[in-house]
Structure formats: structure tokens, C-alpha cells
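Per-entry structural report
These are the residues of each chain, in order.
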There are 2 protein chains.
Amino acid sequence: MLTANALSDFRLALGEDRVFADEDARACYASDETPRSVVPDAVLFPVSHEHVVALARLAHQHGVALTPRGAGSGNVGGALPAPGSVVVSFECMRRVIEFDPDNRLIVVEAGVVTEDIDRLARSAGLFYPPDPGSGAYSRIGGNLAMNAAGPRAVKYGVTRDWVLGLRAVTGDGAEIRTGCRTTKGVTGLDLTRLLVGSEGTLALITEATLKLAPAPEAIATLRLCFDSAAHALDAVSRIMRQSVVPCALEFMDERAIDAIRPTGAADDLAPGTRALLMVEADGSSADVPRQIEALQRALEGPGLLEARSGFARDEITRLWTARKSLSHAVKRIAPLKINEDVVVPVTRLSGFVEFIDTTAEALHLPIVSFGHAGNGNLHVNLMVHPDDPDEMTRAHAALDAIMSRVLELGGTLSGEHGIGTEKRRFVPLEITPPTLALMRAIKQQFDPRGLLNPGKLFPE
Amino acid sequence: MLTANALSDFRLALGEDRVFADEDARACYASDETPRSVVPDAVLFPVSHEHVVALARLAHQHGVALTPRGAGSGNVGGALPAPGSVVVSFECMRRVIEFDPDNRLIVVEAGVVTEDIDRLARSAGLFYPPDPGSGAYSRIGGNLAMNAAGPRAVKYGVTRDWVLGLRAVTGDGAEIRTGCRTTKGVTGLDLTRLLVGSEGTLALITEATLKLAPAPEAIATLRLCFDSAAHALDAVSRIMRQSVVPCALEFMDERAIDAIRPTGAADDLAPGTRALLMVEADGSSADVPRQIEALQRALEGPGLLEARSGFARDEITRLWTARKSLSHAVKRIAPLKINEDVVVPVTRLSGFVEFIDTTAEALHLPIVSFGHAGNGNLHVNLMVHPDDPDEMTRAHAALDAIMSRVLELGGTLSGEHGIGTEKRRFVPLEITPPTLALMRAIKQQFDPRGLLNPGKLFPE
């Protein structure tokens, strides 16, 4: 709860113009991409690490819960305000503190937009590999908190793999520095990766030192039409059995293709297409055609109806049309999308998709599946009407069945979206009680009063 | 302290033949590669995860400190027994629990030899990238505890980057499972990377799920003779400014070359060579020659006396002779090698090596430097006579100066060897007090009685 005293202290510390407690501002920060909202008691806009230290100390002193927030582009409720909490928006912390292309690193404040980092890196022949779908507006602090990822993860890994060090503020306002500025470093415990993916429950990340990679010279794309999901996913397994690692390996199931038909984006798919793969390769101009050839060889097999390749930018854009139109198209199926980004071992994908189809049919629910097949990371979207209680009951039954099956198959609840508020109830299915007890004990060390992003990540 | 009661309980739990308390056995486990020894009270040889759970519970109950140990190949005292402790040797836990090439993963017990993992992976067209110098005999558990790395780290990263999940036992005997079996997963806090590099102070790792990569089809090597360290290290910076990432980028300074002269291994170096670079590229057979060409172009510049390339296995072996003969040759300079594996930003290497030369001269100490230049990871070897107190005093002064300079340059105390007993006193120079306090608080959660590898990693 935010008392008048606490509010006035925040104003003193950050300045009047950095603390908003009016109804409009609070309403603007009541939700992220999750279909839920909780109006916070106030919104703070720190502009510096020092501001964050000050506000964390005041929050600790007054017992005010804090909900850290980047762009609010997450979809598991990671930035959904806890009741009675104050949102800490990092939007105004957008400075690039240091850009050192010769050492392939960049130091940024938590509010820098993900794609701005990539853009700056590319100006010096480098790039920042993690490419979450929200990269055009998401903030790096949010990416770090959730360990975000995107299609390129299959070749380049996730946010965690590109962080060298962090500056952060714990729940009692202590300033910590983790990691280092070099690509190797083993001094002390690895608090850097402990903070990455901790969903703001351990500390407020204020600055990050990120590693950059040489930008690939060329890129090329394959679009493959298959007669069934099973055949497409068998091809994914074949890709894993040869040596070329694609920089994207995306899958769309039949319902996803059906969803884009009304938009015209499926018009140029081969007749009878019931599953689509998008495969991309990057590297030197000389090597990319060889990679594409090797990938094409591996992709050939039962059920492949058509393979198209694109090497020029406009060809590539055209080939991606079907996949890129999906997000909007899906929304037309039903007003609410329950989006689960589960992961199963790549060789189990085919059986898992079959299970989803059976579940969808048995429960009369439209379920659209697509995702990062090369990581076994499937986005399973239950399209529902939230005002239809019977449908919602069936959706919850489907979710329970899906999560259990994911774990039976040796998978994990979330590949990139995180737990937030939405998946908390499933966590005990995956994490054993003593392991979870240790996680809670660690949380307690960082945040003794339990003020940092309460109600997230940990089950109730 | 090991009481007769505790010893008898260990024997009951593990079996008579798994517990050694005789003088000979204890003497065999009194040291690792650090020039120091402490005779442990006993040596335990668990053969299973369940054994480790049992022994940890007994240790907790009786208050017996445990010193976990792989092959004892570390050189910072990570496996040096704490006084009064019992060594837990993982040598007998050598089972490959699961090898799943189709999902590019392997599950192994902690005592499996590092290179055996790589060998098995290669039998299926895959490989395990981390390649510590001790890989032929080191155990994966030790690699995980220390976050080991080797030359390939410049392209493929360190041990941490190849671990998906762990099974481990905490100081009070709780069994934990961390991470997952897939290449993406964000459920809960990242305890996997917290354990990696924690030097056995948080938990006893019993099993690891490791990620594997497609084995490169071809490899080729460049050996480059330079007229000075500065010119060689300028060339390293030029490598970082272009897009081909070599899979090894090793440096040897003049004193290192001098050290190998008596062995004949320097006979085929160009006259006037005062620094050597070894650069390697791997990938598809078609692409490796192109990479070598690009690397050669970047390496050309002032002071390059000679560049030789090797594509066939025997040529490559011949080119590596100078570098591979170094470890043994160095030992002839003086009886004791104080080996510091500091890291500085790559662009600072040249100035740092100059500083080392000045320090060596001022303090009349032979210092041999070589290492993984592509990561800025230099092995600085002070060659000393431990029975010469004056020389030892100068060596300690040199160490202090070197560590301070490393941190001034934005570097870190250790790139791959770890802290162990040997670098504890320097840790507070790098890690801030509140950060260190958090690390200690975390340790306390995993190991409430402080029994796991006491006297390591944390400063006194």
C-alpha cells in the first residue's frame, strides 16, 4: 500500500515530474499484453541508476511493493501490477552508456529498446542476436527479466547468452554489480544469469553489458509446404541430424494456415498445404547458398509439396508473408488468445502436435500452433471467448492436459515467455519441492520484505 | 573433523570398499595441481547419485566438511582438501545415463572424463565444444564446478554455455534438479548457471544434461610469426574487427618462445620471431578455405614475419608443435609456476602485456605469458623458486600489481581456472561488498552448516 508519506518521499527523491499518481496515468500502466488489469497505486519514471537506488530504498522503508516494467509487451503478466503496488517504468532510462565495437560490447540502461541495440551494433558491422517478436518496442530490461528469445535462438541462443554483466538494485536498495566486461570470467557466483529470467523478483536491473556478434554478410530463406504437420516435423528432425544450423526454423500448423487464408497471405502456398516450415540460413555470401543447398537436401522427404527459396531482400520478405500475417489473423478467430509457449524435445514435436489436435477435437476448442520448431518451442494458442464459461472450463482442462503432456515428454512449461502470473499454478509440476524451496530462499536474500514483483514466477 | 562414528556411518551407507581412511589413500588425495597439500581425513568414492545424497546427509548430521573432487586437475586449489575434511571423489561415477544424438544432448554422471563425452558425441556426427587443456583426464563434474574452458571458447563459449540441466545434492542432503532437457526453458530461477562455476561450494553435482553441437566437417590452422607482442596483439584486434570468428586464437610471448627453444620446437619459426599467434577456423569443407583467407587478410600488417597454413591433419599437428610443447618447457625455467589466467578486454591486451614485461623486468622475475587472446584471456606464469623467500616476496608484489592492473583495464581475475584457495584474497578487489554479501547469503541457503568445499571461492 502506498501511503501519502511514501508518495511524498518518492516525489522528493525522483522529482515531481517523475511520479504519477493520477487516475489516467495509473490506468495506462494497469496491464501488459495479458488480458487482465490491476490499477497500480502510482507510476514512477526513474531516469538513472541512482533514482532506482533511491526508490528501492524508499519502497523498502515504507513497505511498498514494486512492479518493474519495460514496454509492457510481455504476455504472462510479468509486468501486471500487484494489487497495491507501484509500477517502476524504465521507459526513461534509454541511454547507451558505452558502445565498444572493437571489444564487441555495449553497455545500456534498462529502458533501451531492443532493436535500437541491434541497429547501433549493425552500424559497426555487428549485431545483437536475440530477436523477440516485440523487439521493435520491448525494452532490454524486460528482455533480461524474462530471458526473452525469438527465431534466431536456434542458432544464436537466448538473451541469457548475450549478457556479460549487470548493474542492479536489490529489494532493500543495495547496489550490486554482477559479471564482467569480457567474454570469459569466473570470479564469484554467477549472479548475472541468476538475475536473467528472474522476472524482476530478485532485483531491479538498471544497466546491462551485452555481448555483440559479427553481423552475417548474407541471409537466405526457404519456405516449405508440407501435406501434414507430422511430415513437416519429421523434416525438422532431419535438419537436426545434419550439420548446418539454420538461423530460423519456424513451423505453422494447419489451423494457423487456415487463420491466414482470409487475409490472402496463404494464396501462394501449394495446394493441399497443411503445414509450413520457414528455414533461414545466414553467414558469408559465399557460404549461404551452400547452407541452403544442404538444408534443402535434408528437408526433402515424404509430404514435401513445394520448396521455395529466396536470396534477395524482397523475395525473403515475400516468403515470410504467411508467417508474419499470423499474429493479426489469429486474433480474428476468437477474442481471447491463451498463448502457451511450451517446449518439448525436437524429436517429440510431431507426437505432441498430434496430441494437441486430439485434445482440440475432444474439447471442441480451436487451437492454433506455430513456433520455433528448431528449439522444440511451440506456441500453442487456445482461441476462446472469455464470456463463455463452458468454453473457458474446457480451455482450462486443455491447458492442464497440455502441460502434463509437455512434462511427460521431457519438456518445459515455457521457452521464452516466462511464468509471470499466468503459469504459476503449473510450476510445481515441473520443479521439485526442495528445488523450489531453494529458489524461494534465494529470493528472500535479494528481497527480504518481498517487495519486488510479488505474485510472479513463484507458485502461491 | 571426522569422528569414528561418522566414519562408520559412511561405511555403512556406501559400503566398506567405498570409504578409505588409510594413510596411503589419504596421501593420494592431498592435493590437486596447486603446489600445496592438505591430507584429508578420509576419501569417499560414491558410485551413484543416491550414494551422494546419503553421504551429504551424514556429513550434515555429523558436521563433516566435504571436499568434492573430479580428477584433481585444477590449479587454483579448488579440490585441495580443507583441513579436517573428507574428499568426495567422483571418479567412480562414470556412467553415460543417456545419449540422444537426435536431440543433441547427453546425460552423464559427474565423473565422466571430458574427452569421453566429446568422443561419444563425435561417433554420431556431433561434438562437445568445451576443451580445457586437461580434457583427456578431467572429469565433467570438475569442469562444471569451475566453469572450465579452452581455446575453442572464442567461438563456442565455455562449459556454462553447454549445460542444459543438473542433478545435485545440497549441503544438507537435499536433492535438487535444475534446468531442463531442451535448448530453451525459462521456468523458475536459473539455478543451473548458479551452480556452474560455484566451485563445489553450493552443491555436489551428480549428473549433468549437456548440449551437443554438429561436429565441424573441416578444420585448418594458421601459425603466424610476429616481430613483437604488440604487433601480434594488434593483429588480434584486427581479427575482432572482421566477421570470421576463429575457433582458436592463441598467443605466445617472447619468453614463451625462448622457453621452447631448447626443445627444438622453435626451430622452424621465422628468424626474429618474438611473438606467435595460432589461429584456427572450422566449418564446412567448402567454407574453411574462405575463412582462412579472410583471417589471413586481417592478420596481415606491421611486424608479420611469416604466415603458414595447414589444412591436413599432419600439417596442423606440425604447426601446433611450438604451442603444445610449451607446458612442459616452461617447467624447466623454475620449479614453481604461479599461473594466473587473468582476462582483459581484447583491445587492452597489448598494453597489458607491455605492463607485464615492465613488471617482470623491474622485479627481476621471469614471467611467461600465453593464452586465449581471442577472449582476452592471458595465462601469466610467474616462474619462481619457492625456497627463495626474496623471490617469493617479489612474486607476490608482482601478483598484486598485475591483479590491480587487470581490474583497472576492465578485466577479471580469472577466465577459466577459478578462484579456489589461490585467488581468494583478490576477490574483494573485483566484487563489491554488497554483491559479495549476497553471494555469501546464497551459499548459506544451499549449505547452512558451511560444509561444502570450505575455504574456496569466497574471501576469508
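Residues numbered from 1 in each chain as written. Chains lettered and ligands numbered in written order. Predicted model: local features only at pLDDT ≥ 70, side-chain atom pairs only at ≥ 80, totals over all residues. Heavy atoms only, no water.

With respect to the overall build of chain A
The secondary structure content of chain A amounts to 16 helices and 18 strands. Taking 23 Å as the expected radius of gyration for a compact globule of 460 residues, we find that chain A reaches 23 Å, a close match to that expectation. Once the C-alpha set of chain A is aligned to its principal axes, its extents read approximately 70 × 60 × 45 Å. Buried residues in chain A amount to 63% of all 460 residues. Within chain A, counting contacts between residues at least 6 apart in sequence, those at least 24 apart form 73% of the total. Carbon and sulfur atoms form 50% of the exposed surface of chain A, whose accessible area is close to 16200 Å². (Helix = DSSP H or I, 4+ residues; strand = E, 2+ residues; numbered from the N terminus. Rg over C-alpha atoms; globule rule 2.2 N^0.38 Å. Buried < 20%, exposed > 50% of the residue type's maximum accessible area, 1.4 Å probe, protein only. Contact = heavy atoms within 4.5 Å. Areas by Shrake-Rupley, 256 points an atom, 1.4 Å probe, with all protein chains shown as cover.)

Considering the nonpolar core
Ranked by size, the top nonpolar core spans 186 residues in total, and within it F352 of chain A together with F352 of chain B carry the most contacts. Those residues within four positions of F352 of chain A in sequence are excluded, and the remaining contacts are V342, V344, L378, V380, I402, R405, V406 and L409 of chain A. (Core = buried A, V, L, I, M, F, W, Y, C linked by side-chain atoms within 4.5 Å.)

Overview of the environment of S85 of chain B
Residues and elements named next belong to chain B. Looking at the secondary structure, you find S85 in the loop between β3 (66-69) and β4 (86-89). Separated by 369 residues in sequence, S85 and P454 have C-alpha atoms that sit 8.8 Å apart. Apart from residues no more than four positions distant in its own chain, S85 is found in contact with P40, D41, A42, A65, L66 and T67.

Structural notes on the pattern of salt bridges
One pass over the structure, following the stated rule, counts 67 salt bridges over all chains. One salt bridge in this structure joins R36 of chain B and E422 of chain B, with 2.7 Å as the shortest N-O distance. Highlighted residues: R36 of chain B in the loop between α2 (23-28) and β2 (42-44) and E422 of chain B in the loop between α14 (389-408) and α15 (427-430), separated in sequence by 386 residues. Among the ionic pairs, R223 of chain B bridges to D268 of chain B, the shortest N-O distance being 3.1 Å. Taken as a pair, R223 of chain B in strand β12 (residues 218-226) and D268 of chain B in the loop between α9 (254-260) and β14 (275-283) lie far apart in primary sequence, 45 residues in all. On the basis of relative accessible area, R223 of chain B is assigned to the buried category, the value being 0%. D268 of chain B gets classed as partly exposed once you look at its relative accessible area, which sits at 30%. Each member of the salt-bridge network shares a partner with another, and the members are E50, R167, E175 and E207 of chain A. (Salt bridge = Lys/Arg side-chain N within 4 Å of Asp/Glu carboxyl O.)

Considering the packing of aromatic side chains
Residues and elements named next belong to chain A. In the structure shown here, the tally under the stated rule is six aromatic pairs over all chains. When the centroid spacing of 5.1 Å and the interplanar angle of 85° are considered together, the rings of F127 and Y156 count as edge-to-face. Here F127, found in strand β7 (residues 126-127), pairs with Y156, found in helix α6 (residues 153-156); they are 29 residues apart in sequence, far enough to count as distant. The exposure class assigned to Y156 is buried, which follows from its relative accessible area of 17%. Ring-pair connections join several aromatic residues into one group, and the members of that group are F20, Y29 and F45. Across the ring face of W320, the terminal group of K324 is positioned such that the distance to the ring centre comes to 5.2 Å. (Phe/Tyr/Trp six-rings, centres within 6.5 Å; stacked < 30°, edge-to-face > 60°. Lys NZ or Arg CZ within 6 Å of the ring centre and 35° of its normal.)

Description of the interface of chain B and chain A
The interface of chain B with chain A comprises 78 residues on the first partner and 78 residues on the second. Of the roughly 6200 Å² buried between chain B and chain A on both sides combined, carbon and sulfur atoms contribute 61%. Summed over the three residues of chain B that lose the most area to chain A, namely K184, V186 and L189 of chain B, the buried surface amounts to 14% of that side. Inspection of the region where chain B meets chain A yields five salt bridges. Across the pair R241 of chain B and D102 of chain A runs a salt bridge, and its minimum N-O distance is 3.1 Å. Counting across the interface, chain B meets chain A through 27 residue pairs in polar contact (both at pLDDT 80 or more). Taken together, the elements giving at least two residues each to the side of chain B that touches chain A come down to β9 (175-179), α7 (191-195), α8 (229-240), α15 and α16 (433-446) of chain B. Looking at the side of chain B that touches chain A element by element, the count peaks at eight residues for α16 of chain B. (Buried area = accessible area lost by both parts, 1.4 Å probe. Polar contact = N/O pair within 3.5 Å; in protein donor to acceptor, adjacent residues only side chain to side chain.)

Structural notes on the domain arrangement of chain A
All names here are of chain A. For chain A, the assigned domains are domain 1 (4-91), domain 2 (96-214), domain 3 (218-327) and domain 4 (333-419). Centre-to-centre separation of domain 2 and domain 4, based on C-alpha positions: 29 Å. When domain 2 packs against domain 4, the two sides together hide about 540 Å² of surface, and 48% of this comes from carbon and sulfur. For domain 2, the biggest contributors to the area lost against domain 4 are M146, V154 and E199; these three give 54% of the whole. (Domains from an automatic or database assignment.)

Some words on helix α11 (residues 313-324) of chain B
All names here are of chain B. I316, L319, W320, A322 and R323 are the residues of α11 that are buried. With its buried residues spanning 135° around the axis, α11 presents them on a single face. Along α11, exposed side chains directed more than 90 degrees from the buried face belong to T317, R318 and K324. (Arc of directions from axis to C-beta.)

Overview of the relation of the copies chain B and chain A
After a rotation of 180° and a shift along the axis of 0.0 Å, chain B superposes on chain A with an RMSD of 0.0 Å. The symmetry that links the two subunits is that of a two-fold axis. When you check the interface residues of chain B against chain A, 100% turn up at the interface there too, and the contact is symmetric in its surfaces. (Least-squares fit on C-alpha atoms with pLDDT ≥ 70 in both.)

Digging into the state of the cysteines
Throughout the structure, instances matching the rule amount to zero disulfides over all chains. For the unlinked cysteine C28 of chain A, the closest cysteine sulfur is that of C92 of chain A, found at 13 Å. (Disulfide = S-S within 2.5 Å.)

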